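# Structural features, examined
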Amino acid sequence: MGTALVTGATSGLGLEFAWQLAQAHHDLVLVARTDERLRAVAEELRQFAGVQAEVLPADLADRADLERVAQRLRDPGLPVGLLVNNAGFGLGQGFVGGDLAREERALDVMVRAVLVLSHAAAEGMVERGRGAILNVSSMTARTAMGTYAAHKAWVLSFTEGLASDLEGTGVSATALCPGLVHTGFHSAAGVDEGAWKGPVWLDAERVAEEGLAAVRRGQVICTPSLRYRGASALLRTAPRWLVRRVAGTGAAGRPRG
């Protein structure tokens, strides 16, 4: 069934993507920072799903590491049919008064790495006449919730442009825009998950399923769940001053600076 490369593959949505792809009999290239955890996940996938699982430890904020992942995507002898750009993290800080190095790291992981890896993957895919790129954006792309939202807005816009570039090549690009997902992402960023009530949360399994189904359909933008599709429509049509008021950095419970 081909090989998929997944970044941020040892936790949250990335781990869910890896399991669902393995269950669909895709071999995997798993990318994450922690070698020990990568090897443990790879072994579980081999044992329980019977697929090949290659490990590629890499810090995507490090340019040398990022280039190693890009070179793996360019390797014509080991073609990758699906790239899942999933790696990311919440900053857990306001921009003004926040740590600039953390801001730069987030930009490298969630913007620059998506750009570099998509470029590396697309060239070989177009030559072969088949393949897909799935970039994990966010519902926050439609908001004004600080630099994380700005990064995800870039991912969404970039993916739409990439999809247009790829039209007619047999290669597709999809942006997945989930809302709140039970993955541990928010607690890792120091955000109180209790601030949002149960019905707004989505299961990682469902989000990954919908994302992969969208890839199979060649769908460009996928927003899992009816309620988030409705919210996305409202955010797209609302005046930007209103979006800033109700879905800006201050509305997210963080200081405006």
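Overview of the structure. (Residues numbered from 1 in each chain as written. Predicted model: local features only at pLDDT ≥ 70, side-chain atom pairs only at ≥ 80, totals over all residues. Heavy atoms only, no water.)

## Side note on the overall build of the protein chain
Helix and strand counts for the protein chain stand at nine helices and nine strands. Expressed as a percentage of its 257 residues, the buried residues of the protein chain come to 48%. Here the contacts in the protein chain between residues at least 6 apart in sequence split such that 65% fall between residues at least 24 apart. Of the roughly 12200 Å² of accessible surface on the protein chain, 53% is carried by carbon and sulfur atoms. (Helix = DSSP H or I, 4+ residues; strand = E, 2+ residues; numbered from the N terminus. Buried < 20%, exposed > 50% of the residue type's maximum accessible area, 1.4 Å probe, protein only. Contact = heavy atoms within 4.5 Å. Areas by Shrake-Rupley, 256 points an atom, 1.4 Å probe, with all protein chains shown as cover.)

## Some words on the packing of aromatic side chains
The description of two aromatic rings rests on the distance between their centres and on the angle between their planes. Applying the stated criterion to the full structure yields one aromatic pair. With a centroid separation of 4.7 Å and an interplanar angle of 5°, the aromatic rings of W154 and F158 are classed as stacked. Of this pair, W154 and F158 both sit in helix α5 (residues 146-166), four residues apart, which is roughly one turn of the helix. When its relative accessible area of 29% is taken as the criterion, W154 is described as partly exposed. (Phe/Tyr/Trp six-rings, centres within 6.5 Å; stacked < 30°, edge-to-face > 60°.)

## Considerations on the pattern of salt bridges
Once the charged atoms of two side chains with opposite charge are near each other, the side chains can pair. Tallied over the full model, the rule gives seven salt bridges. The partner of R105 in a salt bridge is D59, with the nearest N and O atoms 3.0 Å apart. One end of the pair, R105, is in helix α4 (residues 100-128); the other, D59, is in the loop between β3 (53-57) and α3 (63-74), and 46 residues separate them in sequence. Residue R105 is classed as partly exposed on the basis of its relative accessible area, which comes to 25%. According to the relative accessible area criterion, D59 is partly exposed, its value standing at 21%. The partner of R74 in a salt bridge is E67, with the nearest N and O atoms 2.8 Å apart. (Salt bridge = Lys/Arg side-chain N within 4 Å of Asp/Glu carboxyl O.)

## Regarding a nonpolar patch on the surface
Side chains of W241, L242 and V246 sit close together on the surface and give an oily, nonpolar patch of about 300 Å² of accessible area. Along the polypeptide, W241 turns up in helix α9 (residues 240-247). A residue is classified by how much of its surface remains accessible, and W241, at 51% relative accessible area, is exposed. (Patch = residues over 30% accessible without salt bridge, like charges linked within 9 Å, V, L, I, M, F, W, Y side chains within 5 Å.)

## With respect to the pairing of strand β4 (residues 82-85)
In β4, alternate side chains face the same way, and those of L82 and V84 on one face and L83 and N85 on the other are all buried. Sheet analysis places strand β1 (residues 3-7) next to β4, joined by three bridges and oriented parallel. Note on β4: the bridge partner recorded for A4 is L82. In this structure, β4 lies alongside strand β5 (residues 131-136), joined through four bridges in parallel fashion. Within β5, the residue paired with L83 across the bridge is I133. At this point the chain moves from β4, through α4, to the parallel β5, and the crossover so formed is right-handed. (Pairing = 2+ DSSP bridges. Right-handed = clockwise from strand over helix to strand, strands pointing away.)

## Regarding helix α7 (residues 204-217)
The terminal C-alpha atoms of α7 lie 20 Å apart, and with 14 residues this matches the ideal 20 Å at 1.5 Å per residue to within 8%. Taken together, the buried positions of α7 are occupied by A204, V207, A208, G211, L212, A213, A214 and V215. (Expected span 1.5 Å × (residues − 1).)

## Topic: the nonpolar core
F17, L21, L28, L30, L45, L82 and L134 are the most contacted members of the largest nonpolar core, which totals 41 residues. Contacts of L28, omitting those with residues within four sequence positions, involve T3, A4, V6, A18, L21, A22, L45, Q52, A53 and E54. Core analysis: the next-biggest nonpolar cluster, separate from the first, contains 35 residues, L5, F89, A122 and I133 among them. (Core = buried A, V, L, I, M, F, W, Y, C linked by side-chain atoms within 4.5 Å.)

## Notes on the state of the cysteines
Taken as a whole and judged by the stated rule, the model has zero disulfides. Left without a disulfide partner, C177 is nearest to the cysteine sulfur of C222, which lies 7.9 Å away. On the accessibility criterion, C222 (2% relative accessible area) is buried. (Disulfide = S-S within 2.5 Å.)

## Focus on the environment of V200
Its place among the elements puts V200 in the loop between α6 (185-188) and β8 (202-203). Expressed as a C-alpha distance, the spacing of V200 and V181, which sit 19 residues apart in the sequence, is 8.6 Å. What V200 contacts, discounting residues up to four positions off in sequence, is L180, R227 and Y228.

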